[in-house]
Amino acid sequence: MAIDKLLKDDATEEKGERARMASFVGAMAIADLVKTTLGPKGMDKILQSTGRGHSVTVTNDGATILKSLHIDNPAAKVLVGILTVVVTVDGAAWLHVDYNKYGHARTDISKVQDDEVGDGTTSVVVLAGELLREAEKLVAAKIHPMTIISGYRMAAECARNALLQKVMDNKEDAEKFKSDLMKIAMTTLSSKILSQDKEHFAKLAVDAVMRLKGSTNLESIQIIKKPGGSLKDSFLDEGFILDKKIGIGQPKRIEDAKILVANTAMDTDKVKIYGARVRVDSMSRVAQIEGAEKDKMREKVQKIIGHGINCFVNRQLIYNFPEELFADAGVLAIEHADFDGIERLALVTGGEIASTFDNPESVKLGHCKLIEEIMIGEDKLIHFLGVEMGQACTIVLRGASFHVLDEAERSLHDALCVLSQTVIDSRVLLGGGWPEMVMAKDVDELARRTPGKKSHAIDAFSRALISIPTTIADNAGLDSAELIAKLRAEHHKEGSHAGIDVISGSVGDMSELGISEAFKVKQAVLLSATEAAEMILRVDEIITCAPRKREDRM
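Residues numbered from 1 in each chain as written. Predicted model: local features only at pLDDT ≥ 70, side-chain atom pairs only at ≥ 80, totals over all residues. Heavy atoms only, no water.

## Considerations on the overall build of the protein chain
When helices and strands are tallied, the protein chain shows 17 helices and 21 strands. Taken across its 554 residues, the protein chain has 47% of its residues classed as buried. Sequence separation of at least 24 residues holds for 74% of the intrachain contacts in the protein chain that already meet a minimum separation of 6. (Helix = DSSP H or I, 4+ residues; strand = E, 2+ residues; numbered from the N terminus. Buried < 20%, exposed > 50% of the residue type's maximum accessible area, 1.4 Å probe, protein only. Contact = heavy atoms within 4.5 Å.)

## Overview of a negative patch on the surface
Residues D169, E172, D173 and E175 make up a contiguous surface patch of negative charge. Tracing the sequence through the fold places D169 in strand β6 (residues 168–169). On the basis of relative accessible area, D169 is assigned to the partly exposed category, the value being 46%. (Patch = residues over 30% accessible without salt bridge, like charges linked within 9 Å, V, L, I, M, F, W, Y side chains within 5 Å. Areas by Shrake-Rupley, 256 points an atom, 1.4 Å probe, with all protein chains shown as cover. Salt bridge = Lys/Arg side-chain N within 4 Å of Asp/Glu carboxyl O. Lys, Arg positive; Asp, Glu negative; His and termini not counted. Charge placed at Lys NZ, Arg CZ, Asp CG, Glu CD.)

## Focus: the environment of V348
Within the secondary structure, V348 sits in helix α11 (residues 339–349). Judged by its relative accessible area of 1%, V348 falls in the buried class. C-alpha separation for the pair V348 and V387, spaced 39 residues apart in sequence, amounts to 6.2 Å.

## Notes on the sheet that holds strand β7 (residues 221–227)
The pairing of strands in a sheet comes from backbone hydrogen bonds and takes either a parallel or an antiparallel form. Reading across from one edge, β7-β16-β8 is the order of the three strands in this open sheet, with mixed pairing throughout. In this open sheet, the two strands that pair with only one neighbour each are β7 and β8 (235–238). Taking each pair of neighbouring strands and ignoring which way they run, the sheet shows an average axis angle of 25 degrees. Note that β8 and strand β16 (residues 393–399) share four bridges and pair antiparallel. In the sheet register, E238 faces β16, and the bridge partner there is C393. Of the strands in this sheet, β7 and β16 touch helix α12 (residues 402–424), which is tilted by about 160 degrees from β7. (Pairing = 2+ DSSP bridges. Axes fitted to C-alpha atoms, helices over the stretch in contact; angles between N-to-C directions.)

## Quick notes on the environment of I536
Tracing the backbone through its elements, the reader meets I536 in helix α17 (residues 519–537). In the structure, I536 is positioned 461 residues away from A75 in sequence and 6.5 Å away in space, judged by C-alpha atoms. In contact with I536, not counting residues within four places along its chain, are S23, F24, A27, A75, V78, L79 and L132.

Spelled out as structure tokens, the structure:
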């Protein structure tokens, strides 16, 4: 018996060819959107929010652009938000699924790339888009999607092996390794707003990461943004800087500080008119209530001072009366420190955030050698020197406006992530389109050796890889067809280091130019893009649910 209708009235269903075309078109549109931001000469995008204030973001960071988009096409959502990313652990490929607080798989290919390795977010989307563009032609030529997927998997494995044969590892030689880190940082920053001062910022990033001594916890590196001056005025400072002022009548300098970091109410020395309803028969009774409140607050302050501290940092407000009591006791009291600030302060000083003060022995205090007030531009800040976590440091960014500073922070974050990962996995490759050409050459040879229809898919994979150097050249306004032809000819010579030099507009030697990339970034780009393309290729039906109707309660 035939079923007339399976889905609700407003639900829609697309099958077979139409569903596949909708998937391909959506994913390719996303790739084309971020394609122009790739490479050292990539362009920026202005993103304007529709919320209150219509905030504007100027960026060429792929992850930021894709996170800001509200996408309707389901396949484009998969590309922006694929739930699987291949994370390589000791050479084995694992599927990694990330869940949000509601238990739904959090889907964001570019975000996972950003979180895992920090950079390569645009490359992932561009490569996945090109793989789907090539797959569309193969599907039109009547090659089954599963055959294409099988070919793509073979090609991805071959490409990864090609990179593994070419990696360099200088971890044993400290000088060479630091030089590698500098080159990777400068290559990462050369496509960002910081490209003009990339040497200066690469040095800041490398110094900050080297202080971590192999840890990937970037929490101990704080970035403070202060408008004014130029980007070149940015600097790295030891210790921790809190963006707060020291109150009036309080000590401006404390040596051998014992710090209590707290999140507690210190504003109850006055009756809150809106918070309490008290009936009294005379004004003297109000004074008595206020006196009782003051005594209560005095007792609380005495308990806090009883911890043997000389610095008190609170997440919430500290009113005048407790502030006065702290000043009399010679304790520096800092109020209203932002939550991120006090969490990081507790981490770097070795303390814990306290809320109750009845048991001083159970409260862990933070320690540092010196607290003093410093000036950056026209602002006063509090500097904690000689903190317990020795690797803690602060990068102070200066710049013309908040838009510039926000983009500088994103760029620096990418560099810090890549460097912290490279310290663990110290394998390095040359950059500038060189890895893609190396992979394409080996994949081409595999296609020639492979019988059957799979060879078409492997050949298509090779063409998709070449799209990365092609896009880099196109974005720099160069003749990509001629450059890629020259590049391919160079790579047929043994031990070639040829890549695209966008500054001179020709084929250059990447090892001489010092253009390097982390192996972990390239591997993540290759495997994540292949996974994304595979997931979209498997789609043969798109079902859109009927919207939920509001019930009429009348």
